[in-house]
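# Per-entry structural report
Here is what each chain is made of, one letter per residue.
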Amino acid sequence: MAIFVLIALSASQMAFSLRPGAALGVCRASGYLPGRSGNCEKSNDPDCCEDGKMYPQYRCSPPVTASTKAVLTLNSFEKGKDGGGPSECDNAYHSDKEKVVALSTGWFSNMARCGHRIKISANGNSVYAKVVDECDSVHGCDDEHNFEPPCDNNIVDASPAVWDALGLDQNVGMVDITWSEE
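Being a predicted model, the structure only gives us computed values, none of them experimental. (Residues numbered from 1 in each chain as written. Predicted model: local features only at pLDDT ≥ 70, side-chain atom pairs only at ≥ 80, totals over all residues. Heavy atoms only, no water.)

Counting secondary structure elements, the protein contains three helices and eight strands. For the protein, the sequential pattern of α-helices and β-strands runs α-β-β-β-β-α-β-β-β-α-β. Burial analysis of the protein (182 residues in total) assigns 42% to the buried set. Sequence separation of at least 24 residues holds for 70% of the intrachain contacts in the protein that already meet a minimum separation of 6. Per element, the accessible surface of the protein, about 10,000 Å² overall, is 52% carbon and sulfur. (Helix = DSSP H or I, 4+ residues; strand = E, 2+ residues; numbered from the N terminus. Buried < 20%, exposed > 50% of the residue type's maximum accessible area, 1.4 Å probe, protein only. Contact = heavy atoms within 4.5 Å. Areas by Shrake-Rupley, 256 points an atom, 1.4 Å probe, with all protein chains shown as cover.)

Next up on the list: the nonpolar core. Nonpolar side chains tend toward joint burial in soluble globular proteins. Counting 23 residues, the largest nonpolar core has Leu72, Val101, Leu103, Ile120 and Val156 as the members making the most contacts within it. Dropping the residues within four chain positions of it, Leu103 is found in contact with Phe108, Arg113, Ile118, Val131, Asp133, Glu134, Cys135, Ile155, Val156 and Trp179. Counting eight residues, the second largest nonpolar core, distinct from the first, contains Phe77, Val100, Ala102 and Ile155. (Core = buried A, V, L, I, M, F, W, Y, C linked by side-chain atoms within 4.5 Å.)

Backbone phi values are negative for most residues with the exception of glycine, while trans is the configuration of most peptide bonds. Positioned with a positive phi, Asn110 is a non-glycine residue whose angle comes to about 50°. The topology assignment puts Asn110 in the loop between α2 (105-108) and β5 (117-122). Backbone geometry places Met111, a non-glycine residue, at a positive phi of 75°.

Applying the stated rule across the entire model yields one aromatic pair. With a centroid separation of 5.3 Å and 70° between ring planes, the pair formed by Trp107 and Trp179 is classed as edge-to-face. Residue Trp107 is located in helix α2, and its partner Trp179 is located in strand β8 (residues 174-181); the two are separated by 72 residues in the primary sequence. Taking the relative accessible area as the measure of exposure, Trp107 reaches 1% and is therefore buried. (Phe/Tyr/Trp six-rings, centres within 6.5 Å; stacked < 30°, edge-to-face > 60°.)

For the rest of this paragraph, the subject is the state of the cysteines. Applying the stated criterion across every chain yields a total of five disulfides. Disulfide partner of Cys27: Cys60, at an S-S distance of 1.9 Å. On the S-S bond that ties Cys27 to Cys60, the torsion sits near 95°, and the link is right-handed. Here Cys60 lies in the loop between β2 (54-57) and β3 (68-74) and Cys27 lies in the loop between α1 (2-18) and β1 (31-34), a separation of 33 residues in the sequence. What makes Cys60 buried here is its relative accessible area of 19%. Here Cys40 is linked by a disulfide to Cys48, with a sulfur-sulfur distance of 2.1 Å. Across the S-S bond of Cys40 and Cys48 the torsion is about -75°, and the bridge reads as left-handed. (Disulfide = S-S within 2.5 Å.)

Neither face of strand β7 (residues 155-158) is left uncovered, since the one carrying Ile155 and Asp157 and the one carrying Val156 and Ala158 both have all their residues buried. Bridging between β3 and β7 involves four bridges; their strand directions are parallel. Bridge pairing links Val71 to Ile155 in β7. Relative to β7, strand β4 (residues 100-104) runs antiparallel, the two sharing three bridges. Looking at β7, one finds that Ala102 is bridged to Asp157. (Pairing = 2+ DSSP bridges.)

Below, the discussion takes up the side chain of Asp133. With respect to the helices, strands and loops of the structure, Asp133 is situated in strand β6 (residues 125-135). Buried within the structure, Asp133 lacks any salt-bridge partner; its nearest side chain of opposite charge belongs to Lys130, at an N-O separation of 12 Å. Side-chain polar atoms of Asp133 contact the backbone nitrogen of Glu88, separated by 3.1 Å. In this view, Asp133 contacts Phe77, Pro86, Ser87, Glu88, Cys89, Val101, Ala102, Leu103 and Phe108; residues no more than four positions away in its chain are not counted. (Lys, Arg positive; Asp, Glu negative; His and termini not counted. Salt bridge = Lys/Arg side-chain N within 4 Å of Asp/Glu carboxyl O. Polar contact = N/O pair within 3.5 Å; in protein donor to acceptor, adjacent residues only side chain to side chain.)

This paragraph deals with the sheet that holds β4. Ordered by their spatial adjacency, six strands build a closed barrel running β3-β7-β4-β6-β5-β8, and the pairing between neighbours is mixed. Strand-to-strand twist across the sheet, computed as the mean angle between neighbouring axes with direction ignored, equals 45°. (Axes fitted to C-alpha atoms, helices over the stretch in contact; angles between N-to-C directions.)

In structure tokens, the structure reads:
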């Protein structure tokens, strides 16, 4: 059984690497999740799932570089807020005054970046923040994900403390940034 699984995984990896654009670091949707609405906690003005709407799912993110382009979104990591459950890296909630982030599934890399500090730059300002969670690019539209759709593949979901340190207006909700590993 284990050999069959290894062969299947190898074949799927080879098929992925032969897809047009794969060698160029292109990350395409791997599927679509049908939306299901529910009790979406509305702090930080999240996008809430709509019944029947199809949301793209990503198992990859663009390649990480010395200055990776991304979109910064606002997220609370506090209990009972729009971040959903406890952070995946430490199974804990974090104060909105703490500089913490969640990375899209591909960048989160199966928890490989847990606890790492990343440098986030926007509008001439920079701040360091700790990776504590995954911004799930595959699953969503359920209670665990606050009935929000899966994240795009290029998201750095940041606490209010990160936004404040960068001098950004939290009411904007999304800002183009770059980030790098420390």
